[in-house]
Amino acid sequence: MKLLADENYLLTGDYEGRILHWDLRMRKVVHSFEGHENDYHGLPFDVNETAQIVYAAGLDGFTKVWSLRSGNLLHSLPAPCSVTNANSVPKVLYSTEWGGMRGNSGFLFATSAESGPKAYMYPIRPEVWQK
């Protein structure tokens, strides 16, 4: 669950692979971000309000990225390793300023494998979120 900065909107993840975007003033769902396989606890997700995106990694092995404004699916990024169970779903983080450099944006995937933990960077230009 994530309360957005203006405190009028809330995001919640559920067991069915959806992320719901609530307008607390109207007490209703304004967007339903769907498309993940999920059979464990609430779907873990994160939001980047600067880029106006919400994203989540699911058991289907993909990180899905949606527009917070329109609700449209913007990208479906494959995991950098095989996903066999809930423990192998990568942890994902997005930033528009990796290394403190404006415009150095992308996703960082962290995974656990038998050979040890690994990190992968997926660079992406911020203008792709303008949909």
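Coordinates for the structure precede this section.
None of these values were measured; they are calculated from a predicted model.

Colleague: Would you explain the environment of histidine 31 in this entry?
Modeller: Its location among the elements puts histidine 31 in strand S4 (residues 28-33). Residues histidine 31 and leucine 20 lie 11 residues apart in sequence; the distance between their C-alpha atoms is 6.1 Å. Ignoring anything within four residues of it in the chain, the contact list for histidine 31 reads Ile19, Leu20, His21, Leu68, Arg69, Ser70 and Gly71. Within the structure, the side chain of histidine 31 is placed 3.2 Å from the backbone oxygen of serine 70, a separation counted as a polar contact.

Colleague: It is not clear to me how the sheet that holds strand S6 (residues 53-57) should be interpreted in this structure. Could you clarify?
Modeller: Adjacent strands of a sheet pair through backbone hydrogen bonds, lying either parallel or antiparallel. Ordered in space as S5-S6-S7-S8, the four strands form an open sheet in which the pairing is antiparallel. Each end of this open sheet is capped by a strand with a single partner; those strands are strand S5 (45-48) and strand S8 (73-78). On average, each strand axis in the sheet is tilted by 20 degrees relative to the strand beside it, whichever way the strands run. Strand direction decides the pairing type here: strand S7 (residues 62-67) and S8, joined by five bridges, are antiparallel. Of the residues in S8, the one forming a bridge with threonine 63 is leucine 77.

Colleague: Help me understand the pairing of strand S2 (residues 9-13) in this model?
Modeller: On a regular strand, one side chain projects to one face of the sheet and the next to the other, so that they alternate. With two bridges connecting them, strand S1 (residues 2-3) and S2 associate as antiparallel partners. Its bridge partner being in S2, lysine 2 is matched across the sheet by leucine 11. Counting the residues between successive antiparallel strands, the hairpin from S1 to S2 contains five residues, one of them, glutamate 7, with a positive phi of roughly 65 degrees. Where S2 meets strand S3 (residues 19-23), five bridges bridge the pair, whose relative direction is antiparallel. Bridging across to S3, threonine 12 finds its partner in leucine 20. The hairpin formed by S2 and S3 contains five residues between the paired strands, and glycine 17 there has a positive phi angle of roughly 90 degrees.

Colleague: Any chance you could explain the pattern of salt bridges here in plain terms?
Modeller: Any two side chains of opposite charge can pair if their charged atoms end up close together. Counted under the stated rule, the structure contains four salt bridges. Arginine 18 is paired through a salt bridge with aspartate 14; the nearest N and O atoms lie 2.8 Å apart. Taking the relative accessible area as the measure of exposure, arginine 18 reaches 26% and is therefore partly exposed. For aspartate 60, the salt bridge is made with lysine 64, and the minimal N-O distance between the two is 4.0 Å.

Colleague: How do you make sense of the nonpolar core when you look at a structure like this?
Modeller: The nonpolar side chains of a soluble globular protein tend to be buried, and buried together. If you look at the biggest cluster of nonpolar residues, it comprises 14 residues, and the most contacted ones within it are Ile53, Tyr55, Val65, Val92, Tyr94 and Phe107. Looking at this core, the elements that each hand over two or more residues are S6, S8, strand S9 (91-95) and strand S10 (106-113). Of all the elements, S6 adds the most residues to this core, at three residues.

About the cut-offs
Residues numbered from 1 in each chain as written. Predicted model: local features only at pLDDT ≥ 70, side-chain atom pairs only at ≥ 80, totals over all residues. Heavy atoms only, no water. Helix = DSSP H or I, 4+ residues; strand = E, 2+ residues; numbered from the N terminus. Contact = heavy atoms within 4.5 Å. Polar contact = N/O pair within 3.5 Å; in protein donor to acceptor, adjacent residues only side chain to side chain. Pairing = 2+ DSSP bridges. Axes fitted to C-alpha atoms, helices over the stretch in contact; angles between N-to-C directions. Salt bridge = Lys/Arg side-chain N within 4 Å of Asp/Glu carboxyl O. Buried < 20%, exposed > 50% of the residue type's maximum accessible area, 1.4 Å probe, protein only. Core = buried A, V, L, I, M, F, W, Y, C linked by side-chain atoms within 4.5 Å.

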